[in-house]
Amino acid sequence: MKILLPFVAVIALVFLAYAGVGVAKLHFLFGVVLPYAAIAVFIFGFIYRMFIWGKSPVPFSIPTTAGQQKSFPWIKQNKLDNPSSTLGVIGRMALEVLLFRSLFRNTKTELRDGPVLSYGSEKFLWAAGLAFHWSFLIIFVRHFRFFMQDVPVVLQMIEGADSFFQVGAPLLYLTDVVLVAAVTFLVFRRLAMPLIKYISLPADYFPLFLILGIAITGILMRYVTKVHIVGVKELVMGLVSFSPVIPDGIGVIFYIHLFLVSTLLLYFPMSKLMHFGGVFLSPTRNMPANSREVRHVNPWNYPVHVHTYEEYENDFRDKMKKAGLPVEKE
Amino acid sequence: MAKGPTPAELANIDYTPPQTEWMDTPTVIKTGTFCWGAKAKNLNIVEFPNARDWNPSEEDWKLPENWQEIFLKGMKDLLGKYRSFKVFMDICVRCGACADKCHFFIGSGDPKNMPVLRAELLRSVYRNDFTMAGKILGKLAGGRKLTLPVLKEIWYYLYQCTECRRCSLFCPYGIDTAEITMMGRELMNLLGLNTDWISGPVANCYMKGNHLGLEPHAIMNSIEGMIDDIETITGIRINPSFNRKGAEILFVTPSGDLFADPGTYTAMGYMMLFHELGLDYTWSTYASEGGNFGFFTSNEMAKRLNSKIYAEAKRLGVKYIIGGECGHMWRVLTQYMDTWNGPADFLEVPVSPITGTRFENAKSTKMIHVTEFTADLIKNNKLKLDPSRNNGLNVTYHDSCNTARGMGLLDEPRYIIKNVCNTFHEMPENTIREQTFCCGSGTGLNASENMELRMRGGLPRANAVKFVKEQYGVNTLANICAIDRATLSASMEYWVPGTRVTGVHELVANALIMKGEKERETDLRGDPLPGKEGN
Ligand code: SF4
Ligand code: SF4
């Protein structure tokens, strides 16, 4: 159920777009209104979520220290995994966000008779995660050729590198292959590993299927059922310049692709995909581990009821005197 | 473990999840895996709400009428106060990287002990009541209503987490299930759902200054006994002071060290070292607890207990504070104390009177770890040591979760051990330093009624010890935590019998050559030193 439902949902989305454009001819709705709405929801939703998170304070300094602390000059501090300076924190965050440092640590626990426990290195999740996110980013950047009148040199370089192997016509982009492979692996992983399957929710499958749908429609458009590419650029440029047009003869598949992208944008701010923003706000990663050196202030710190020394001495004065302990009051 | 499964039975662990979805798999509260409920009298001492005697294994938990309202209101409050809680509730992608990192999951195979699922137990309630998707789609969005069985389930698994943070190390977003457990336990405390093993020590510590409830004269008696032992072993009579105004340093250690073996040997170690240095220090009977079981109940309670340390330092007019060997105590001292009860502007930046080293890394809290203090002494050649006295001991070192992942105190204790012992072997790399495994009984889970749980949670650590025992003949497990000294003793006896559990300063004191000492025949435990067995 939790797998089938999101799968059916994505298929339904595809049919919805097909029916909407191919049958009901709602080009303007799917080509202009929905994309605008999706982008608006994405931008405001994203900012809103970040704002809501930011509104809750960080009362304590709780970095997870993942290496040697700063103590003596003769003991080497692990400045990236246990950073005590802002620079160190920037380094730690960069490693985390760009290279998935923590995931790189991943191990797989195995229990054999004896009992003997072992923790072998397990890099598949890290590799697939990295491959997925990076290829997604590059593909996203590549799409800027549709948003700009003249394609900048950087973009051409990226495209050049991405089609390095020079196979197929049009040239095959590596990232297309990597993205589909990585997402497929991530789906497969959820299905094949009993414990991961056990923890997965529909909300874990849905974005994977959705992104797979986006990738497949994109690939079909580029390599198989060609769309009217000049028309696509015209439409996109129209959206960017706020003077939307619906050129004729683009092909339904493009609208399906665009609709799935719009859905992703709409869905993003209200889903776990917000981990993209959240990781920057994670206090166990983005704080310097220097709380013994610099006092961290809690904005809601309030006075509490304590048991004072005076009360303690009142409770035990006789016993203290008998034991020869100094007292404040005789 | 008197009754309950044998090690062989316990090691038969099945990691396959049940056929039914976790939300549809009811939780049974099993004997041997939970602690008794808090007693009303202890909760009343610290003015906690809904105090009553209750028993987790009974059907009726005697909850207040409006418990759901209290819980959800409390949750809303915490979400507004802690960004960590809010972000961690929202951004988990259920990648499962944390799943097999928890010692309780490894030792039990219970999927609800996977950190991600432990968090999901509470997160599902969050989704149902605090997110739009959950309010509209309910179960489809992973939400579930806070019913009585759900509450019981959350409670049960919150007290199968030792807040060790090992999961947070592996999470790509740094989601710290320990933080979620802390929030969850805070909510449970609104309903009086604490455990006896935590609330008893809290009440004791509040009224009497330490978890064990030792009154002033009892503390002195206990130390007196150690002084006699030290005299027997070394021929030197040391004379520590208590509640002394004008001392340069206040020394605070967990009260466990004053009370039971093998912690007492560590306490003897501190005293012998300080005596040898002629350190101008004092103990306090008021602030006679470094540990903080309040930390396992609520933020406020932790602060109330912790306040005594600075208050006493101020009253006595000391310059700075040295803290003994303890795990969670140091998480509190490192990441919380200054924020709660600082700034400690009445103290001075710690400077070792022996070496002149200024502890810049503690210039705000003004409290240093005793292994920092001692490592600096050894580095500066201020101690006369005879490591061969520890020759019978083939040593490995267990990093406490909190000093490792809440501080990063990794190399200082190792440096000391290598200087006071001749044989040292590390356990496998995925089980030490920042990846260290919990003893299995932290956060107030070191009771006796939940022994099965403790032994399960203790398996990964014990198994790594067993490995170095078989590989290198290791027979001694050193650590810097009072709870470890008690709990590892139990788990070693169960999993790796014949392993000695020792504090680092016990090893130091064994090796320490003191001025005017007689020829030592035994170590601090009264066991003959190597080469003296025949005497
Ligand atoms: S590692 Fe982090 S994101 Fe992944 S399942 Fe665990 S808590 Fe969630
Ligand atoms: S903090 Fe430790 S005990 Fe708790 S869930 Fe994480 S790994 Fe398990």
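Residues numbered from 1 in each chain as written. Chains lettered and ligands numbered in written order. Predicted model: local features only at pLDDT ≥ 70, side-chain atom pairs only at ≥ 80, totals over all residues. Heavy atoms only, no water.

Chemist: Can you tell me about the site of ligand 2, naming the residues and giving the values?
Modeler: Residues and elements named next belong to chain B. In the vicinity of ligand 2, the contacting residues are Cys-102, His-103, Pro-115, Arg-118, Cys-161, Thr-162, Glu-163, Cys-164, Arg-165, Cys-167, Thr-177 and Ala-178. Mapped onto the shell around ligand 2, the elements with two or more residues apiece are α6 (115–130) and α10 (177–190). Considered class by class, the residues forming the shell around ligand 2 number 6 nonpolar, 3 polar and 3 charged. (Near = heavy atom within 4 Å. Helix = DSSP H or I, 4+ residues; strand = E, 2+ residues; numbered from the N terminus. Nonpolar A, V, L, I, M, F, W, Y, C, P; charged D, E, K, R; others polar.)

Chemist: Any chance you could break down the pattern of salt bridges for me, citing the residues and the numbers?
Modeler: Tallying each qualifying case throughout the model produces 57 salt bridges over all chains. Of the charged contacts, one joins Lys-139 of chain B and Asp-24 of chain B as a salt bridge, the two residues approaching to 3.1 Å between their closest N and O atoms. Of the two residues, Lys-139 of chain B is situated in the loop between α7 (132–137) and α8 (148–158) and Asp-24 of chain B in the loop between α1 (7–10) and α2 (40–45); the sequence distance between them amounts to 115 residues. Between Arg-414 of chain B and Glu-426 of chain B there is a salt bridge; the shortest N-O distance is 2.5 Å. In this pair, Arg-414 of chain B is assigned in helix α20 (residues 411–420) and Glu-426 of chain B in the loop between α20 and α21 (451–472), connecting sequence segments 12 residues apart. The exposure class of Arg-414 of chain B is buried, given its relative accessible area of 2%. Take Glu-426 of chain B: its relative accessible area is 28%, and that puts it in the partly exposed class. A cluster of three or more residues bridged by salt bridges with shared partners is formed by Asp-204 and Lys-272 of chain A together with Arg-94, Glu-120, Arg-123 and Arg-127 of chain B. (Salt bridge = Lys/Arg side-chain N within 4 Å of Asp/Glu carboxyl O. Buried < 20%, exposed > 50% of the residue type's maximum accessible area, 1.4 Å probe, protein only.)

Chemist: Summarise the sheet that holds strand β3 (residues 320–323) of chain B; cite the residues concerned and give the values.
Modeler: All names here are of chain B. The strand order across the open sheet built from 4 strands is β2-β1-β3-β4, with neighbouring strands paired in parallel fashion. What marks the edges here is a single partner per strand, and that holds for β2 (281–282) and β4 (367–369). Strands β1 (249–252), β2, β3 and β4 of the sheet are contacted by helix α15 (residues 299–316), whose axis makes an angle of about 150° with β1. Packing of helix α18 (residues 370–379) onto the sheet brings it into contact with β3 and β4, and relative to β4 it is tilted by some 70°. (Pairing = 2+ DSSP bridges. Contact = heavy atoms within 4.5 Å. Axes fitted to C-alpha atoms, helices over the stretch in contact; angles between N-to-C directions.)

Chemist: Residue-level account of helix α1 (residues 4–23) of chain A, with values.
Modeler: Residues and elements named next belong to chain A. Compared with the 28 Å implied by 1.5 Å per residue over 20 residues, the 27 Å span of α1 between its first and last C-alpha is a close match. Along α1, the residues that are buried comprise Pro-6, Val-10, Leu-13, Ala-17, Gly-20 and Val-21. Here the buried residues of α1 occupy an arc of 95° about the axis, which is enough to place them on one side. Those residues of α1 that are exposed and aimed more than 90 degrees away from the buried face are Leu-4, Phe-15 and Val-23. (Expected span 1.5 Å × (residues − 1). Arc of directions from axis to C-beta.)

Chemist: Requested: an account of the state of the cysteines, with residues and values cited.
Modeler: All names here are of chain B. Counting across every chain of the model gives 0 disulfides over all chains. Cys-438 provides the cysteine sulfur closest to Cys-401, a residue in no disulfide bond, and the two sulfurs are 3.9 Å apart. Residue classification places Cys-401 among the buried residues on the basis of a relative accessible area of 9%. (Disulfide = S-S within 2.5 Å.)

Chemist: Run through the site of ligand 1, naming residues and quoting values.
Modeler: If you check the shell around ligand 1, you find Cys-92, Val-93, Arg-94, Cys-95, Gly-96, Ala-97, Cys-98, Val-116, Cys-171, Pro-172, Tyr-173 and Ile-175 of chain B and nothing else. Its residues placed into classes, the shell around ligand 1 shows 10 nonpolar, 1 polar and 1 charged.

Chemist: If you had to explain the interface of chain B and chain A to someone new, which residues and values would you point to?
Modeler: Every contact between the two is made by 115 residues of chain B and, on the other side, 88 residues of chain A. Inspection of the chain B/chain A interface yields 8 salt bridges. Of the charged contacts, one joins Arg-295 of chain A and Asp-338 of chain B as a salt bridge, the two residues approaching to 3.8 Å between their closest N and O atoms. Across the contact surface, chain B and chain A share 71 residue pairs in polar contact (both at pLDDT 80 or more). If you tally residues by element for the side of chain B that touches chain A, the top one is α15 of chain B, at 8 residues. Tallied by class, residues from the side of chain B that touches chain A come to 51 nonpolar, 28 polar and 36 charged. (Polar contact = N/O pair within 3.5 Å; in protein donor to acceptor, adjacent residues only side chain to side chain.)

Chemist: Lay out the domain arrangement of chain B in plain terms, naming residues and giving numbers.
Modeler: Residues and elements named next belong to chain B. Examined at the domain level, chain B breaks down into domain 1 (7–30 + 49–193) and domain 2 (202–511). Here the C-alpha centre of domain 2 lies 31 Å away from the C-alpha centre of domain 1. Taken together, the contact pairs 27 residues of domain 1 with 32 residues of domain 2. The contact between domain 1 and domain 2 buries some 2,500 Å² in all, and 61% of this surface belongs to carbon and sulfur atoms. The largest per-residue losses of area from domain 1 upon contact with domain 2 belong to Leu-10, Arg-165 and Arg-166, which jointly make up 24% of the total buried on that side. The tally of links from domain 1 across to domain 2 stands at 1 salt bridge. The salt bridge involving Glu-452 is made with Lys-30; its shortest N-O contact spans 3.6 Å. (Domains from an automatic or database assignment. Buried area = accessible area lost by both parts, 1.4 Å probe.)

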